[in-house]
Amino acid sequence: MKSLRDHFLRIDARSLGLFRITFGLVLIADLFARWRWVRDFYSNEGVLPNHNHLFNLRGKQQVFSLFHAVSTVGEAHFAFALALVVYALFLLGYRTRVFHVLALVVLVSLTSRNILLENAGNYAAIALLAFTAFLPCGSRLSLDSLRASLALRDEKRDTELNDRSRTSDAEIEAERLPGWSPTSLAALAVLLQLALIYLCTALQQRGEAWRDGTAFYYALHAERLASDAGTWLRDALPLGTLRGLTFGTWAMQLAIPALIVVPALFRWTRGAAAALMAVHGLILGVFFDLGLFGWGLAAAAPLVIPGELWDAYERSWNERRARTLVYDADCGLCLTLCRLIKRLDLRGHVAFQGNGALDELYVRNQTGATERVPMPKEVTPELVERTVLAIDRNGRVHTQGGAVTEALLALPFGWLAWPLKLPGVSHLLDALYEVVATRRHHISALLGKQACGIPLFDESHADGDDEGAAPPSPAPAVRVARLALGSLREAAVLVVLAAMLAQTAKENPLPGAAAIPQGPVLAGVASWPRMLARWDVMAPEPPRVNALLVIDGQTRAQQPIDPLTGEEPRLQPDGHPGARLGQLWSDYLDRVRRPEWSDFQRAFRDYLAKGGPLSEEGGREMALTGYDAYWVSAPTPAPGEPAPTAFEREKLFSHSRGGMGKLGERMPPLAPGLARPIKPN
């Protein structure tokens, strides 16, 4: 029963910590992608002023956004800078619960500021961030857990640094120490949310292109869906490989929910699910412009890594990465850095030795025990007075910046430190080390550490009088407070979970979905934070038409220009520079042309008249005296067939005197270079 409980109702603290790091990186990348268009989408100089957005949504949509208070471009930049601080502190795990909630508020605000930009990626990222907010994502791999660990054990000498004994599970639970993760409905909600995203996406991808394996072919030929890497992929791979990617991606969407839910071979099924989630998310993130959908799901893969795999990883040991650090025992800064390295060294590769006794060398073996071996001959008291040493298992001695690099190589993701070995970089690191080393005692004093003569731990208490004692029990008042807060947490999770299940049933064709009721309360819980659960990515199949918005405009100097591209307007969809504006523009332009979004067109027309995305660069000269807006589309040819020689054009609206009219009313053929046959398999 315990294994079943942990399988469904608990997520390992290390998995939560790694999720916070990966998801924080994705959020920051998404913020910078939006920051590029901060004037266009998040200020009153852009496509949708805040008052216009709120006025058009009255009584139609339930939205909340802090960015509705932002008007000018300067205010928008300042708001984005604050958002970056929130995301960065969430990533680092500082006051994790607070900045987790603030990160959720920021993401909801960015999404709700202009709902014409939102897609399934926003819905998935918000839902995952909301459910994990109920879990201790800062319990491991965070600044919070590092601070707590440093306060829990205040090592003073090398023997204590080499003590890697673990705190018992009972004590971690009683004191909620680093590594604590509760049994909670929130864990079940996270797993159900992930499983439903994949399952609903697969169930809706029922078009012919998914059945015959051409879905990726058509998706990669849709300019607004394919990324730069995707456009390269469609020309580099034969049709047979694209079919394999299509079937493989669809199969992964069915396999992942089964591997998450099925309680068999816990360690391996969850590990396989995490690997497939990472691969699936990276395929969608790298080759398609789908916003947060692919990247967010890949970043959520750590959530399903079971504790057994983490334990196996921490027990793994590589002799080539084993190092002994010989440090200045009288330097408070050196001791502090060694304490930090100890906590980052998850696999126990590093042994520590003060420079007081140099007759023998401490080394760690595969069992985690510390052995004593002969000290290399080149290690002298004069050498260890000048520099820290890193000594590997072959007896090679590294000094100065090289010792720092070797210490980093012993840690998880140590391969990231390899560039520090490059000529020039290593010399610069040595110079920097000398600057710090010569001032280490002064820096120690500034940090409030003992500059020298660090008092040793009292030998009379070295073994501890309380060894083997039961972990302290929390005070009754603490237990009552925890019970009350835990009950409120579970009640809140239950409400959000019920809202998400009802919303998912409403928006997706699940069996028996009609029987799940959704009242106004549950609808509000889902809609206000934009957790709309529309998992219809490339469903029922990717578009078989390549389409985009083209503006036939004229400047004050009567020059033809498309303000979305900065070039003379042309109507060929294939290879059009307007398709490279990114996911935000693709979603916005595809929606604003539709009749149901006609209320938002007036602000868009005014924005285009002022010069569009290029007006900030060109100033008054980029303002348009007139333009015509066209929705241009051309069918994507079937595999092996030649590219189309004609296309369809729909005039959406005009402004003032209209465009230059050089495009003509007759449908011109495609440029000869674009009318090429598609490479067959």
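Note that the coordinates shown come from a computational prediction; the quantities given were computed from them, not determined experimentally.

By the definition in use, this model includes 29 salt bridges. The shortest N-O distance in the salt bridge between Asp30 and Arg34 comes to 2.9 Å. Note that Asp30 and Arg34 are positioned in helix α2 (residues 13-35) at a spacing of 4 residues, about one turn of the helix. Comparing Asp30 with Arg34, the two get one shared label, buried. Residues participating in the shared-partner salt-bridge network are Asp12, Arg14, Arg140, Arg166, Asp311 and Glu314.

Moving on, we get to the packing of aromatic side chains. Counted by the stated rule, this structure contains 21 aromatic pairs. Ring geometry for Tyr217 and Tyr218: centres 5.0 Å apart, planes at 80°, overall edge-to-face. Stacked on the ring of Phe55, the Lys or Arg Arg58 has its end atom at 3.8 Å from the ring centre. For Arg544, the ring lying beneath its charged end belongs to Tyr218, and the centroid distance is 4.5 Å.

The strand order across the open sheet built from 4 strands is β8-β7-β9-β10, with neighbouring strands paired in antiparallel fashion. Taken across any chain shown, the strands that pair with only one partner, and hence form the sheet edges, are β8 (560-561) and β10 (648-656). Bridge count for strand β7 (residues 545-555) against strand β9 (residues 624-635) is 11 bridges, and the pairing is antiparallel. The residue of β9 that forms the bridge with Val545 is Pro635. Against the sheet, helix α27 (residues 601-609) touches β7, β9 and β10, its axis set at about 75° to β10.

Moving on, we get to the side chain of Asp40. Secondary-structure assignment places Asp40 in helix α3 (residues 38-42). For Asp40, the contacting residues outside a window of four places in its chain are Gly46, Val47, Trp585, Tyr607, Gly612 and Pro613.

This paragraph deals with the sheet that holds strand β5 (residues 389-392). With mixed pairing, the 4 strands of this open sheet are ordered in space as β2-β1-β5-β6. Looking along the sheet, the strands with just one partner apiece sit at the ends: β2 (350-354) and β6 (397-399). Each adjacent strand pair in this sheet contributes to an overall mean axis angle of 25°, direction not counted. Examined bridge by bridge, strand β1 (residues 323-327) and β5 share 4 bridges and lie antiparallel to one another. Its bridge partner being in β5, Val326 is matched across the sheet by Leu389. Relative to the sheet, helix α21 (residues 400-409) contacts β1, β5 and β6, its axis offset from that of β6 by approximately 115°.

What follows deals with the pairing of β5. In β5, alternate side chains face the same way, and those of Leu389 and Ile391 on one face and Ala390 and Asp392 on the other are all buried. The sheet contact formed by β5 and β6 spans 3 bridges and is antiparallel. If you follow Ile391 over to β6, its bridge partner there is Val397. If you look at the hairpin formed by β5 and β6, you'll find 4 residues sitting between the two strands, and Gly395 has a positive phi there, around 85°.

The next thing to look at is the environment of Val397. Position of Val397 among the secondary structure elements: in strand β6. Along the primary structure Val397 and Glu378 are separated by 19 residues, whereas in three dimensions their C-alpha atoms are 7.9 Å apart. What Val397 contacts, discounting residues up to four positions off in sequence, is Pro376, Glu378, Val379, Leu389, Ala390 and Ile391.

What follows covers helix α15 (residues 239-261). Relative to the 33 Å expected for 23 residues at 1.5 Å per residue, α15 spans 34 Å between its end C-alpha atoms, a close match to the ideal helical length. For α15, the set of buried residues is Leu239, Leu242, Thr246, Thr249, Met252, Gln253, Ile256, Pro257 and Ile260.

Now for the side chain of Ser181. Here Ser181 lies in the loop between α10 (169-175) and α11 (185-204). Judged by relative accessible area, Ser181 falls into the buried class, the value being 3%. Polar side-chain contacts of Ser181 include one of 2.6 Å to the backbone oxygen of Ile11. Apart from the residues lying within four places of it in its own chain, the contact partners of Ser181 are Arg10, Ile11, Ala13, Leu16 and Pro136.

Here is what the cut-offs are and how they apply
- Residues numbered from 1 in each chain as written.
- Predicted model: local features only at pLDDT ≥ 70, side-chain atom pairs only at ≥ 80, totals over all residues.
- Heavy atoms only, no water.
- Salt bridge = Lys/Arg side-chain N within 4 Å of Asp/Glu carboxyl O.
- Helix = DSSP H or I, 4+ residues; strand = E, 2+ residues; numbered from the N terminus.
- Buried < 20%, exposed > 50% of the residue type's maximum accessible area, 1.4 Å probe, protein only.
- Phe/Tyr/Trp six-rings, centres within 6.5 Å; stacked < 30°, edge-to-face > 60°.
- Lys NZ or Arg CZ within 6 Å of the ring centre and 35° of its normal.
- Pairing = 2+ DSSP bridges.
- Contact = heavy atoms within 4.5 Å.
- Axes fitted to C-alpha atoms, helices over the stretch in contact; angles between N-to-C directions.
- Expected span 1.5 Å × (residues − 1).
- Polar contact = N/O pair within 3.5 Å; in protein donor to acceptor, adjacent residues only side chain to side chain.

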